[in-house]
Amino acid sequence: MSIRIVVAVQHLLILEAIVESLEKVANFNIVGKVAEPKYLVPTTLQVRPEVVVVDAEGFAWESLPRAAGTRRVSPRLGVILMATLPSRGLVDKALKGGVLGIVSKQTGLRHLIDAISGAAAGYMIINPTLLWAPPTKCGPLSEREAEILRLTASGASVKEIAHDMHLAAGTVRNLTSAAIKKLNARNRFDAARIASERCLI
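Just so it is clear, the model here is predicted, and its values are computed rather than measured.

Another point: the overall build of the chain. Helices and strands together make up the secondary structure of the chain, namely 10 helices and 6 strands. Taken over 201 residues, the chain has a buried fraction of 49%. Contacts spanning at least 24 positions in sequence make up 65% of the contacts within the chain whose residues lie at least 6 apart. Accessible surface computed for the chain: about 10700 Å², of which carbon and sulfur atoms make up 55%.

This paragraph deals with the confidence of the model for the chain. Model confidence for the chain is summarised by a mean pLDDT of 83, while 83% of its residues fall at 70 or above. For the chain, per-element mean pLDDT is lowest for helix α3 (residues 56–69), which scores 59, and highest for strand β2 (residues 28–34), which scores 96.

A separate point is helix α9 (residues 169–182). Taking 1.5 Å as the rise per residue, α9 with 14 residues should run 20 Å; its terminal C-alpha atoms sit 20 Å apart, in good agreement. Those residues of α9 that are buried are in contact with α7 (143–153), α8 (158–165) and α10 (188–197). Asn184, located one to two residues past α9, shows a positive phi value of around 55 degrees.

Before going further, it helps to examine the pattern of salt bridges. Counted under the stated rule, the structure contains 7 salt bridges. As a salt-bridge pair, Lys182 and Glu145 come within 2.9 Å of each other at their nearest N and O atoms. Here Lys182, found in helix α9, pairs with Glu145, found in helix α7; they are 37 residues apart in sequence, far enough to count as distant. On the accessibility criterion, Lys182 (38% relative accessible area) is partly exposed. Given the relative accessible area of 5%, Glu145 is considered buried. Here Arg150 ties to Glu147 by a salt bridge, and the two come within 2.9 Å at their closest N and O atoms.

For Asn27, which is not glycine, the phi dihedral falls at a positive 75 degrees. The phi angle at Asn184 is positive, at roughly 55 degrees, despite the residue not being glycine. Here Asn184 is to be found in the loop between α9 and α10.

The next point concerns the side chain of Ser154. Mapping Ser154 onto the fold places it in the loop between α7 and α8. Of note is the side chain of Ser154, whose polar atom sits 2.6 Å from the backbone oxygen of Leu151.

This part covers the pairing of strand β3 (residues 51–55). With respect to burial, β3 is a largely interior element, 5 of its 5 residues being buried. Neither face of β3 is open: one carries Val51, Val53 and Asp55, the other Val52 and Val54, and all of them are buried. Examined bridge by bridge, strand β1 (residues 3–8) and β3 share 4 bridges and lie parallel to one another. Bridging from a neighbouring strand, Ile5 pairs with Val51 of β3. Pairing analysis gives 5 bridges linking β3 to strand β4 (residues 78–83), with the strands arranged parallel. Note that in β4 the partner of Asp55 across the bridge is Met82.

Let's shift gears to the UniProt feature "modified residue: 4-aspartylphosphate" (unreviewed entry) in the chain. The UniProt entry lists Asp55 under the feature "modified residue: 4-aspartylphosphate" (unreviewed entry), expressed in the numbering used here. Locating Asp55 in the fold gives a position in strand β3. Exposure remark for Asp55: the relative accessible area of 4% places this residue in the buried category.

This part is about α7. Here α7 lies mainly inside the structure; 8 of its 11 residues are buried. For α7, every residue scored as buried is listed here: Glu145, Ala146, Glu147, Ile148, Leu149, Arg150, Leu151 and Thr152. Once α7 ends, the next one or two residues include Gly155, with phi positive near 100 degrees.

This paragraph deals with the packing of α8 against α9. Here α8 crosses α9 at 105 degrees, and the two axes come no closer than 9 Å. The angle between the axes of α8 and α9 places the two elements in the roughly perpendicular class. Contacts from Val158, Ile161 and Ala162 of α8 reach α9 at Ala169, Val172 and Arg173. Tallied by class, the residues present in the contact of α8 with α9 amount to 5 nonpolar, no polar and 1 charged.

Reading the values: rules and limits
Residues numbered from 1 in each chain as written. Predicted model: local features only at pLDDT ≥ 70, side-chain atom pairs only at ≥ 80, totals over all residues. Heavy atoms only, no water. Helix = DSSP H or I, 4+ residues; strand = E, 2+ residues; numbered from the N terminus. Buried < 20%, exposed > 50% of the residue type's maximum accessible area, 1.4 Å probe, protein only. Contact = heavy atoms within 4.5 Å. Areas by Shrake-Rupley, 256 points an atom, 1.4 Å probe, with all protein chains shown as cover. pLDDT = per-residue confidence, 0-100. Expected span 1.5 Å × (residues − 1). Salt bridge = Lys/Arg side-chain N within 4 Å of Asp/Glu carboxyl O. Polar contact = N/O pair within 3.5 Å; in protein donor to acceptor, adjacent residues only side chain to side chain. Pairing = 2+ DSSP bridges. UniProt positions renumbered as here; feature names shortened; annotations may be inferred. Axes fitted to C-alpha atoms, helices over the stretch in contact; angles between N-to-C directions. Parallel < 35°, antiparallel > 145°, perpendicular 65-115°, else oblique. Nonpolar A, V, L, I, M, F, W, Y, C, P; charged D, E, K, R; others polar.

Written as structure tokens, this is what we have:
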């Protein structure tokens, strides 16, 4: 019996490459591919997959909680999160959101295939070192600055960040400016990139 899978990646080239690779796996049936966060949950509810593979950088902070929330409608749905460098903070949020697997993009395709197979069977597939690692240090950034850059990296606007963090938009701008200066960045998106590359977020 085939495993019905939805793949959600914001970059179309990467999305198509992952889908093409997974389609070659016996018993894998790609029933949906999503390149925009707003279509993730509707697609999941429409095609009823067993597993949803979600790219953290493009989708996680905005859409992952809703994707995991679809488990109320489809209790057996397994959510797999792909992340460039999964931090302890990301792992904690993912587990609270009901994610069954976290796969680092630094690993090979085999790890993603194994995670999908495990999630379809109801197993949690996460590298134990991610669970045992101490929380990621924010380096020169305060916790609030790091959180703002995490949300910025997900594509959130200043208004959305202010809403999510229960802060005034002006406060978000001030904290963002402080983070930009600390990282010698050009703007908030450059600061988010630098912080991600240094594993600060």
